[in-house]
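Notes for the structure review
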Amino acid sequence: MAPAKTRGAITPGAKQKRMGYKETFWMACDSTEQLRAEYGPFHTRAEAESEAGKLGFSYLLRYEHVIGENDDIKEVRCIFIELPEPPRQLYMAEKLHTRCSTCGASAVHDYSWQAEVWADIHEFEHSRHRIRLFEQTRADGLKEVPGWRDACA
Ligand SMILES: [Zn+2]
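Residues numbered from 1 in each chain as written. Predicted model: local features only at pLDDT ≥ 70, side-chain atom pairs only at ≥ 80, totals over all residues. Heavy atoms only, no water.

A few words on the sheet that holds strand β3 (residues 59-67). The strand order across the open sheet built from 4 strands is β2-β1-β3-β4, with neighbouring strands paired in antiparallel fashion. Where the open sheet ends on each side, the last strands, each with one partner, are β2 (38-42) and β4 (73-82). Ignoring strand direction, the axes of neighbouring strands in this sheet form an average angle of 25°. As judged from the 9 bridges shared by β3 and β4, these two strands associate in the antiparallel manner. Note that in β4 the partner of Y59 across the bridge is E82. (Pairing = 2+ DSSP bridges. Helix = DSSP H or I, 4+ residues; strand = E, 2+ residues; numbered from the N terminus. Axes fitted to C-alpha atoms, helices over the stretch in contact; angles between N-to-C directions.)

With that settled, consider helix α2 (residues 112-125). Relative to the 20 Å expected for 14 residues at 1.5 Å per residue, α2 spans 20 Å between its end C-alpha atoms, a close match to the ideal helical length. All buried positions along α2 are accounted for by A115, A119 and H122. Down the axis, α2 shows its buried residues gathered within 65° of arc, on one side only. Exposed and oriented more than 90 degrees from the buried face of α2 are W113, F124 and E125. (Expected span 1.5 Å × (residues − 1). Buried < 20%, exposed > 50% of the residue type's maximum accessible area, 1.4 Å probe, protein only. Arc of directions from axis to C-beta.)

This is how it looks when you write it as structure tokens:
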């Protein structure tokens with residue numbers, strides 16, 4: 001789904017006849033560049049965050065409008081908030097990590113045959129080094145695959 005353009009201005013809540021009240025709303029956006037895609041507005045950070053997650057956006061933009069006594073916008077403040085975990089990682093293929101427990105050399109692979117080739121070369125170049133294999137999954141992070149070299153020996 002292509003992100004829609006920013007919808008029109010947010011409707012102000014109950015008009016308050018006092019000076020300097022603030023309206024706050026949230027946008028999901030894909031970068032902090034000038035030419036970024038924004039989606040929203042949302043009234044709460046949680047809504048914006050969940051939408052950012054669906055779109056694969058990594059940032060939230062918090063807008064504050066300072067409203068003057070004549071309901072005019074006196075000041076616009078915006079603050080970028082980087083989401084703790086870039087949502088695009090959710091869409092990445094699972095990775096395989098190899099690490100030599102003898103010398104600490106490590107590498108990342110897309111396919112198990114690449115991990116095996118890496119281990120073969122490393123073991124050929126460094127006799128008796130022991131390679132461990134880890135699978136990176138979304139749910140569990142890095143998880144060791146036990147005995148994988150024994151299986152293909
Ligand atoms: Zn090694």
